[in-house]
Amino acid sequence: MTYYDSLETRSPAEREAWLMARLPQQLALARRKSAYWRQRLADVAVNSIASRAALATLPLIRKSELGELQCAAPPFGGLTATPMGGLSRVFASPGPIYDPEGRGQDWWRFARALFAAGFRAGDLVHNTFSYHFTPAGFMLEGAAHKLGCPVFPAGVGQTDMQVQAIAHLKPAAYVGTPSFLRIILEKADELGADVSSLRKAVVSGEALPVTLRKLLSDRGVVVRQAYASADLGLIAYETPSEGGLVVEEDVLLEIVRPGTGDPVAEGEVGEVVVTSFNADYPLIRFATGDLSALLPGISPCGRTNVRIRGWLGRADQTTKVKGMFVHPSQVAALVARHGEIGRARLVVDDASGHDRMTLHCEVADPSAALQAAVVASMREFTKLRGEVAFLPAGTLANDGTVIEDRRSYA
């Protein structure tokens, strides 16, 4: 079987009619069951929102707003349509932002992405996404189980033990970040371990540069990307054609001009905005903060849904480092803790082949003690390790940049 189901090969007109028929129903459900949407959609004639033009008249809700909304109305900002007792799990993303998971198999809708990457019933999946705090580990595990795949819940870190497990268990497939797959393969070389059973992978959480894809392919691992978020689950996924990412069947995606809610022309880079049809957590015109663009035509693989170019950066300065979001507000809180710091900028690069973040900060009287304290604060606020570079006053440009991403995505 080439396709996960017949939804993938519908005519574009049939799919659009199906989405537009469901849209007013989802708005009505959200208004009926969610305190937030009850207020937000109070004056909206939801039955009239049955076209993309009509949808574009509704305001955006931004991912960056979730923390504030949740503080005002714990725990989910009134956005959920299912009471706490009806949920399966609750997660926390950096911010913190709390993310609900409802009940049911493959609630995050990731099985389609795994199937497109060649995962089949009986394949043992080595899952290196975190099962701690954030939902990624469970996202991929639920999808694997939907396909009939057993899972080794490896989680993050402990590279030696990961290599040992792969060498012993011979999994066919990997899920996790692409950079960690590279680390595992390099560690296997160092230990003289045979990890050649890994032949296919679905990666997410960070960009997949062309050079890294080739390196992994040369090692015999066919890698496919998935684009997802802790709020929405799967948004789009890569297919064997490797011609952009095909949008998941159960979401409605728009590309809008950053800073507005206005849809842009096909091919123009803009912010990804998603309306989900999730009955537990309805998100309507949810602005992800990610940049992408629509690709013309239909994928050569035969799937007929619209495609996006993939992740092209952030519409705001929030960025992902080693699969974790780092927010400007976290940098501001860190700087506020250390009064000796003047202007500061968090620089993210990958000169060493791996994500690295360095806080460049202007300090009049640098010291080893201050450096150690700032490094500790970086770990506390971002949950990631980082470095510190002290600079003389006046060195950093006064341009409002808080997080600068210098990584290459070529």
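Use the structure listed above.
Thresholds applied
- Residues numbered from 1 in each chain as written.
- Predicted model: local features only at pLDDT ≥ 70, side-chain atom pairs only at ≥ 80, totals over all residues.
- Heavy atoms only, no water.
- Helix = DSSP H or I, 4+ residues; strand = E, 2+ residues; numbered from the N terminus.
- Rg over C-alpha atoms; globule rule 2.2 N^0.38 Å.
- Buried < 20%, exposed > 50% of the residue type's maximum accessible area, 1.4 Å probe, protein only.
- Contact = heavy atoms within 4.5 Å.
- Areas by Shrake-Rupley, 256 points an atom, 1.4 Å probe, with all protein chains shown as cover.
- Patch = residues over 30% accessible without salt bridge, like charges linked within 9 Å, V, L, I, M, F, W, Y side chains within 5 Å.
- Salt bridge = Lys/Arg side-chain N within 4 Å of Asp/Glu carboxyl O.
- Lys, Arg positive; Asp, Glu negative; His and termini not counted.
- Charge placed at Lys NZ, Arg CZ, Asp CG, Glu CD.
- 1 Å grid on protein atoms, 1.4 Å probe; cavity = no way out; pocket = protein on both sides within 12 Å on 5 of 7 lines; lining within 4 Å.
- Points joined across faces, edges and corners; volume = space filled by probe spheres on them.
- Phe/Tyr/Trp six-rings, centres within 6.5 Å; stacked < 30°, edge-to-face > 60°.
- Lys NZ or Arg CZ within 6 Å of the ring centre and 35° of its normal.
- Pairing = 2+ DSSP bridges.
- Axes fitted to C-alpha atoms, helices over the stretch in contact; angles between N-to-C directions.
- Expected span 1.5 Å × (residues − 1).

Observations concerning the overall build of the chain
Helices and strands together make up the secondary structure of the chain, namely 11 helices and 21 strands. In summary, the chain has a C-alpha radius of gyration of 22 Å against a globular reference of 22 Å for 410 residues, a match within 12%. The dimensions of the chain, computed from C-alpha atoms along their principal axes, are 65 × 55 × 45 Å. For the chain, with 410 residues in total, the buried portion stands at 54%. Considering only residue pairs separated by 6 or more positions, the chain has 63% of its internal contacts joining residues 24 or more positions apart. Roughly 17300 Å² of accessible area belongs to the chain as shown, and the carbon and sulfur atoms make up 55% of that amount.

A closer look at a positive patch on the surface
On the surface, a cluster of positive charge is made up of K322, R379, K383 and R385. Judged by relative accessible area, R385 falls into the exposed class, the value being 65%.

Side note on empty space enclosed by the protein
In this structure the tally under the stated criterion is 2 cavities of 30 Å³ or more. Forming the walls of the largest cavity are Q330, V331, L334, L346, L359, M378 and T382. Those elements giving two or more residues to the lining of the largest cavity turn out to be helix 10 (328-337) and helix 11 (368-382). Of the residues forming the lining of the largest cavity, the biggest block, 3 residues, is contributed by helix 10.

Let's talk about a nonpolar patch on the surface
A cluster of nonpolar side chains, namely M84, V90 and Y98, defines an oily patch on the protein surface of about 260 Å² accessible area. For Y98, the position within the fold is in strand 3 (residues 97-102).

What about the environment of G386?
Position of G386 relative to the elements: it lies in the loop between helix 11 and strand 20 (387-391). In sequence terms G386 and L19 are 367 residues apart; their C-alpha atoms lie 44 Å from each other.

Re the packing of aromatic side chains
Tallied over the full model, the rule gives 6 aromatic pairs. On the numbers, 4.9 Å between centres and 85° between planes, the contact of Y36 with W37 is edge-to-face. On the accessibility criterion, W37 (2% relative accessible area) is buried. When the ring of W107 is compared with that of W108, the centres are 4.7 Å apart and the planes differ by 85°; the resulting orientation is edge-to-face. There is no split in this pair, since W107 and W108 are both buried. Clustering of aromatic rings is evident, with ring pairs tying together F91, W107, W108, Y131 and F138. It is R22 that lies over the ring of W18; its NZ or CZ is 4.3 Å from the centre. Positioned above the aromatic ring of F277 is the side chain of R22, whose terminal nitrogen or guanidinium carbon lies 4.4 Å from the ring centre.

Structural notes on the sheet that holds strand 18 (residues 341-349)
Pairing is mixed in the open sheet, where 4 strands are placed in the order 20-19-18-21. The open sheet is flanked by strand 20 and strand 21 (403-405), the only strands paired with a single partner. Strand-to-strand, the axes of this sheet are offset by a mean angle of 25°, without reference to chain direction. Relative to strand 19 (residues 356-363), strand 18 runs antiparallel, the two sharing 7 bridges. In the sheet register, L346 faces strand 19, and the bridge partner there is L359. Those strands touched by helix 10 are strand 18, strand 19 and strand 21, and its axis lies near 140° from that of strand 18. Across the sheet, helix 11 lies against strand 18, strand 19 and strand 20, angled at about 130° from strand 20, the strand it touches most.

As for helix 6 (residues 136-147)
An ideal rise of 1.5 Å per residue puts 16 Å on 12 residues; helix 6 measures up with 17 Å between its terminal C-alpha atoms. Counting buried residues along helix 6, 9 of its 12 residues qualify, which places the element largely inside the surrounding structure. Within helix 6, the full set of buried residues consists of G137, F138, M139, L140, E141, G142, A143, A144 and L147. Count one or two residues on from helix 6 and you reach G148, which has phi positive near 90°.

A short note on the sheet that holds strand 5 (residues 151-153)
The sheet built from 9 strands is open, its strands ordered 5-4-6-7-8-9-10-15-14 with mixed pairing. The open sheet terminates on both sides in strands that have one partner only, identified here as strand 5 and strand 14 (294-295). Here helix 8 (residues 178-191) sits on the sheet in contact with strand 6 (173-176), strand 7 (200-203) and strand 8 (222-229), set at roughly 130° to strand 6.

A short note on the pattern of salt bridges
Under the defined criterion, the tally for this structure stands at 30 salt bridges. In this structure, E254 engages R285 in a salt bridge whose closest nitrogen and oxygen atoms are separated by 3.0 Å. In this pair, E254 sits in strand 11 (residues 251-256) while R285 sits in the loop between strand 12 (270-276) and strand 13 (286-292), placing the two residues 31 residues apart along the sequence. For the pair E254 and R285, a shared accessibility class is recorded, and that class is buried. One network of salt bridges, with partners in common, ties together D5, E8, R109, R112, E248 and R303.

Overview of unusual backbone geometry
Residue P75 follows P74 across a cis peptide bond; omega there is -5°. Tracing the sequence through the fold places P75 in the loop between helix 4 (66-72) and strand 2 (87-93). The peptide bond linking G95 to P96 adopts the cis configuration, its omega dihedral lying at -5°. Tracing the chain through its elements places P96 in the loop between strand 2 and strand 3.

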